[in-house]
Amino acid sequence: MTGKPLTILGIETSCDETAAAVVRGSAPGPGEILSNVVFSQIEAHAPYGGVVPEIASRAHLEILDNIVDRALAEAKISLSELDGIAVTAGPGLIGGVMVGLTTAKALALGTGKPLVAVNHLMGHALTARLTHGVEFPFVLLLVSGGHCQLVGVGGIHDFRLYGSTIDDAVGEAFDKTAKILGLPYPGGPAVEAAARNGNPRAYELPRPMKGRAGADFSFSGLKTALRQLAETDISVEDASASFQAAVIDILRDRTRIAMQMFRKDFPEGNTLVVAGGVAANQAIGAGLNRLCADEDFTALIPPPRLCTDNAAMIAWAGVERLSAGGAGDALSTSPRARWPLAETTA
Ligand code: KG4
Ligand code: ZN
């Protein structure tokens with residue numbers, strides 16, 4: 001299906017990034033990113049070692065109009081030239097989601113353009129189509145600060161959950177590890193940098209769920225082991241490297257099982273897409289590439305700037321929904337704190 005290219009404004013405010021972007025294209029992609037403005041609130045949350053919801057929603061409210069104006073200006077697109085307005089309607093921190101959704105509704109009402117209420121996870125899931133025009137089906141490993149799941153993606157309304165975390169998300173495990181080791185927030189990039197100078201075999205850490213049936217994840221045992229280890233005299237670099245090696249081992253094991261489940265659903269499929277903030281980790285990417293070589297899969301990892309939260313992926317989800325013939329969503333659409341990807345399955 002290659003229809004007329006659509007030009008969509010995307011808005012993302014579900015966590016600690018205030019973002020707006022303009023994307024043009026049609027399914028299956030790739031699309032053209034005309035602008036991609038991301039304002040990170042990291043500095044506002046850093047003193048607390050994590051995202052504070054009240055601070056986040058106030059910051060979104062203060063800056064979102066400005067970010068939207070910048071995205072339109074950089075794209076050299078006026079509101080009247082848009083084909084629709086896509087916005088994250090969940091899942092996420094409800095205050096922030098409300099700010100974005102309300103702004104998008106006002107823009108849709110004012111311009112008469114369709115509103116597309118996007119599931120944030122769908123945004124991450126479809127990013128590899130925006131960047132590489134990846135065809136369905138594919139296995140999605142979604143690894144971010146709030147999410148950790150393996151999904152079979154057969155289409156924009158066909159998401160099959162193979163496994164998810166029973167406790168922490170992998171990004172959360174990186175953030176907590178950084179805190180334990182005295183590294184700065186956000187923890188992922190800091191742990192990855194420290195790990196580069198460490199020995200991944202220095203300390204023996206557990207690999208929870210490894211070898212178990214099903215593709216679920218668990219990271220809390222790893223975090224507890226690390227906390228105990230940190231009470232002794234350790235090298236932060238070696239501990240970071242050992243932690244990261246355990247994570248890679250777990251991700252590879254769980255993804256291999258999900259590939260087996262996927263082959264039963266889609267015998268013709270052989271693509272693994274990695275998405276979410278943790279996909280920016282190069283050691284994890286290399287580990288997954290090796291797994292794909294063993295399993296006859298091709299790994300596709302969008303560039304880091306599109307792996308972490310952004311509005312281009314939300315605009316692209318809007319392109320996909322509208323190019324599939326959707327009319328958009330009602331202006332009465334409610335924000336959702338919880339919204340499993342599988343619930344967007346038609
Ligand atoms: O997708 P994202 O920007 O926001 C959520 O929707 O959660 O992901 C943020 C998460 C944080 O937990 C951060 O520590 C992690 O992604 N992250 C990384 C790296 N860069 C970001 N984790 C490991 N290695 C990285 N290089
Ligand atoms: Zn995200």
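Residues numbered from 1 in each chain as written. Chains lettered and ligands numbered in written order. Predicted model: local features only at pLDDT ≥ 70, side-chain atom pairs only at ≥ 80, totals over all residues. Heavy atoms only, no water.

1. Topic: the domain arrangement of the protein chain
By the assigned domains, the protein chain splits into domain 1 (6-129 + 306-344) and domain 2 (136-303). Buried surface at the junction of domain 1 and domain 2, summed over both partners, amounts to about 2,000 Å²; 74% is from carbon and sulfur atoms. Where domain 1 touches domain 2, the interface holds 0 salt bridges. Contributing elements (two or more residues each) for the side of domain 1 that touches domain 2: α1 (42-45), α4 (120-132), α10 (304-307) and α11 (312-323). The biggest single contributor to the side of domain 1 that touches domain 2 is α4, with 8 residues. (Domains from an automatic or database assignment. Buried area = accessible area lost by both parts, 1.4 Å probe. Salt bridge = Lys/Arg side-chain N within 4 Å of Asp/Glu carboxyl O. Helix = DSSP H or I, 4+ residues; strand = E, 2+ residues; numbered from the N terminus.)

2. Examining the coordination of the zinc ion (ligand 2)
Around the zinc ion (ligand 2), the protein contributes the donor atoms His120 (NE2), His124 (NE2) and Asp309 (OD), at 2.1 to 2.2 Å from the metal centre. With 4 donor atoms in place around the zinc ion (ligand 2) and angles of 91 to 150° between them, the coordination shape is irregular. One chain supplies every donor to the zinc ion (ligand 2), and in sequence these donors are spaced H-x3-H-x184-D. Remark: Asp309 occurs in the loop between α10 and α11 and His120 occurs in helix α4; sequence separation between them is 189 residues. Note on His120: relative accessible area 4%, which makes it buried. (Donors = N, O, S within 2.8 Å, 3.2 Å for Na, K, Ca; no water. Tetrahedral: all angles 85-135°; square planar, octahedral: opposite > 155°, others 65-115°. Buried < 20%, exposed > 50% of the residue type's maximum accessible area, 1.4 Å probe, protein only.)

3. Some details on the environment of Leu183
Assignment of secondary structure puts Leu183 in the loop between α5 (170-180) and α6 (187-195). As for Leu183 and Ser240, which are separated by 57 residues in sequence, their C-alpha atoms are 9.8 Å apart. Ignoring sequence-local partners within four residues, the contact set of Leu183 consists of Ala178, Ala190, Val191, Ala194, Val236 and Ser240. (Contact = heavy atoms within 4.5 Å.)

4. Brief notes about the pattern of salt bridges
Tallying each qualifying case throughout the model produces 15 salt bridges. Two residues, Arg160 and Asp158, come together in a salt bridge whose shortest N-O distance is 2.9 Å. For Arg160, a relative accessible area of 30% gives the class partly exposed. Among the salt bridges present, the one from Lys223 reaches Asp168, with a minimum N-O distance of 3.0 Å. Of this pair, Lys223 sits in helix α7 (residues 220-230) while Asp168 sits in the loop between β8 (158-164) and α5, and the two are 55 residues apart along the sequence. Comparing Lys223 with Asp168 shows no difference in burial state: the two are buried. Residues participating in the shared-partner salt-bridge network are Asp168, Glu172, Lys176 and Lys223.

5. Notes on the sheet that holds strand β7 (residues 148-155)
Strand order in the open sheet formed by 5 strands is β8-β7-β6-β9-β10, with mixed pairing between adjacent strands. Edge positions in the sheet fall to β8 and β10 (298-300), since each has one partner strand and no second. Strand-to-strand twist of the sheet, defined as the mean angle between neighbouring strand axes without regard to direction, takes the value 25°. Note: β7 against β8, 6 bridges, orientation antiparallel. Of the residues in β8, the one forming a bridge with Leu150 is Gly163. Most of the contacts of helix α8 (residues 236-265) go to β8, to which it runs at about 145°, and overall it touches β6 (138-143), β7, β8 and β9 (271-275). (Pairing = 2+ DSSP bridges. Axes fitted to C-alpha atoms, helices over the stretch in contact; angles between N-to-C directions.)

6. What about helix α3 (residues 94-111)?
For α3, which comprises 18 residues, the first-to-last C-alpha distance of 25 Å matches the rise-based estimate of 26 Å (1.5 Å per residue) to within 8%. Residues of α3 that are buried include every one of Gly96, Val97, Val99, Gly100, Leu101, Thr103, Ala104, Lys105, Leu107 and Ala108, and no others. Where the residues of α3 are buried, they touch β1 (6-12), α2 (53-75), β4 (84-90) and β5 (115-119). Directly after α3, the chain includes Gly112, whose backbone phi takes a positive value near 75°. (Expected span 1.5 Å × (residues − 1).)

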